[in-house]
Amino acid sequence: DAKTTQPTSMDCAEGRAANLPCNHSTISGNEYVYWYRQIHSQGPQYIIHGLKNNETNEMASLIITEDRKSSTLILPHATLRDTAVYYCIVRVPARTDKLIFGTGTRLQVFP
Amino acid sequence: DGGITQSPKYLFRKEGQNVTLSCEQNLNHDAMYWYRQDPGQGLRLIYYSQIVNDFQKGDIAEGYSVSREKKESFPLTVTSAQKNPTAFYLCASSIEVGRGTEAFFGQGTRLTVV
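## Quick word on the overall build of chain A
Part 1 of the argument: Within chain A, the secondary structure is distributed over zero helices and nine strands.
Part 2 of the argument: Along its sequence from the N terminus, chain A presents helices and strands in the succession β-β-β-β-β-β-β-β-β.
Part 3 of the argument: The globule rule puts the C-alpha radius of gyration for 111 residues at 13 Å, and the 13 Å found for chain A is close to it.
Part 4 of the argument: In terms of its C-alpha atoms, chain A occupies a principal-axis envelope of roughly 40 × 30 × 25 Å.
Part 5 of the argument: Residues classed as buried in chain A amount to 45% of the 111 residues present.
Part 6 of the argument: Summarising the internal contacts of chain A: among those between residues at least 6 apart in sequence, 57% fall at separations of at least 24.
Part 7 of the argument: Within the structure as shown, chain A displays about 5700 Å² of accessible surface, and the carbon and sulfur contribution to it stands at 49%.
Part 8 of the argument: Put simply, chain A has 11 plus and 10 minus side-chain charges, and the middle of one group is 5 Å from the middle of the other.

The structure is reproduced here in structure tokens:
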């Protein structure tokens, strides 16, 4: 699986958009980009995933660059409950895949 | 409700004892995973299973064992050979969604060796 690079931590004001970047410069053509988040002492929660097109759901938007070497998760109106560690993962959905997590970005939303 | 359940939430073990962590899912998922998380760290993969009666080692399998006798169950045994077992353990299951994969996690078991 391709490795990802994320900033260690970020801050965001409540009500503003939180933009979390992820670099995955070695991503291969059949690997998807996934985002999960983990609120303190809980299990990670799936947010969104995509291959090459931008994606949006009720939680967030995912913007993938045209060369697919980086992506940005956007939380349009961050709330205090969005404070969590956000993980960016790339992987091939296949029978033998591992689902490897990195260290993620710790997002702190402040009032 | 469908979901993935880990038990117990907190577990204390004496040094030198084996202990088994439970993970059950009623989501009909084929794939299941065990992760270990240390304070301030990301998740590290211990074992994973893609199908019943089959499992593979992850990155830190030493000192752990698993079984997958039933689709819904994937218990993890932390053996006395695991040198530093105190950690937060997370179980997950996954399903192919369209052409992607979505994983669901349990709430974790916090193991402390005393």
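Next comes the rest of the write-up.
## What about the overall build of chain B?
Part 1 of the argument: When helices and strands are counted, chain B shows zero helices and 11 strands.
Part 2 of the argument: In chain B, the succession of helices and strands from N to C terminus is β-β-β-β-β-β-β-β-β-β-β.
Part 3 of the argument: The C-alpha atoms of chain B give a radius of gyration of 14 Å, which matches the 13 Å a tight globule of 114 residues would have.
Part 4 of the argument: For the C-alpha atoms alone, the extent of chain B along its principal axes is close to 45 × 25 × 25 Å.
Part 5 of the argument: Evaluated residue by residue, chain B yields a buried proportion of 50% over its 114 residues.
Part 6 of the argument: Partitioning the intrachain contacts of chain B with sequence separation of at least 6 by distance along the chain shows that 52% fall at a separation of at least 24.

## Re the state of the cysteines
Part 1 of the argument: Scanning the entire structure with this criterion turns up two disulfides over all chains.
Part 2 of the argument: Here A:Cys22 connects covalently by a disulfide to A:Cys88, the sulfurs 2.1 Å from one another. Here the disulfide of A:Cys22 and A:Cys88 is left-handed, its torsion about the S-S bond being about -80°. Separated by 66 residues along the polypeptide, A:Cys22 in strand E2 (residues 18-23) and A:Cys88 in strand E8 (residues 84-91) bring together distant segments of the chain.
Part 3 of the argument: Assessed through its relative accessible area of 2%, A:Cys22 is described here as buried.
Part 4 of the argument: Take A:Cys88: its relative accessible area is 1%, and that puts it in the buried class.
Part 5 of the argument: Linked covalently through their sulfurs, B:Cys23 and B:Cys91 form a disulfide whose S-S length is 1.9 Å. One quick way to see it: the torsion about the S-S bond of B:Cys23 and B:Cys91 is about -75°, and its sign makes the bridge left-handed. With B:Cys23 in strand E3 (residues 19-25) and B:Cys91 in strand E9 (residues 87-97), this pair connects stretches of sequence that are 68 residues apart. Taken as a pair, B:Cys23 and B:Cys91 share a single burial class, namely buried.
Part 6 of the argument: Note on A:Cys12: no disulfide assigned, nearest cysteine sulfur contributed by A:Cys22 at a separation of 18 Å.

## A word on the packing of aromatic side chains
Part 1 of the argument: Scanning the model with the defined rule gives 12 aromatic pairs over all chains in all.
Part 2 of the argument: Ring plane angle 40° and centroid distance 6.3 Å describe the contact between A:Tyr32 and A:Tyr34, whose orientation is recorded as tilted. Of the two residues examined, A:Tyr32 and A:Tyr34, each falls in the buried class.
Part 3 of the argument: By the ring-pair criterion, three or more aromatic residues cluster together here, those being A:Tyr36, A:Tyr46, A:Tyr87, A:Phe101, B:Tyr33, B:Tyr35, B:Tyr48 and B:Phe105.
Part 4 of the argument: The side chain of A:Arg91 reaches across the aromatic face of A:Tyr34, ending 5.7 Å from its centre.
Part 5 of the argument: One residue, B:Arg68, lies across the ring of B:Phe74, its end atom 5.9 Å from the ring centre.

What counts and what doesn't
Residues numbered from 1 in each chain as written. Chains lettered and ligands numbered in written order. Predicted model: local features only at pLDDT ≥ 70, side-chain atom pairs only at ≥ 80, totals over all residues. Heavy atoms only, no water. Helix = DSSP H or I, 4+ residues; strand = E, 2+ residues; numbered from the N terminus. Rg over C-alpha atoms; globule rule 2.2 N^0.38 Å. Buried < 20%, exposed > 50% of the residue type's maximum accessible area, 1.4 Å probe, protein only. Contact = heavy atoms within 4.5 Å. Areas by Shrake-Rupley, 256 points an atom, 1.4 Å probe, with all protein chains shown as cover. Lys, Arg positive; Asp, Glu negative; His and termini not counted. Charge placed at Lys NZ, Arg CZ, Asp CG, Glu CD. Disulfide = S-S within 2.5 Å. Phe/Tyr/Trp six-rings, centres within 6.5 Å; stacked < 30°, edge-to-face > 60°. Lys NZ or Arg CZ within 6 Å of the ring centre and 35° of its normal.

Geometric values such as these leave the question of function open.
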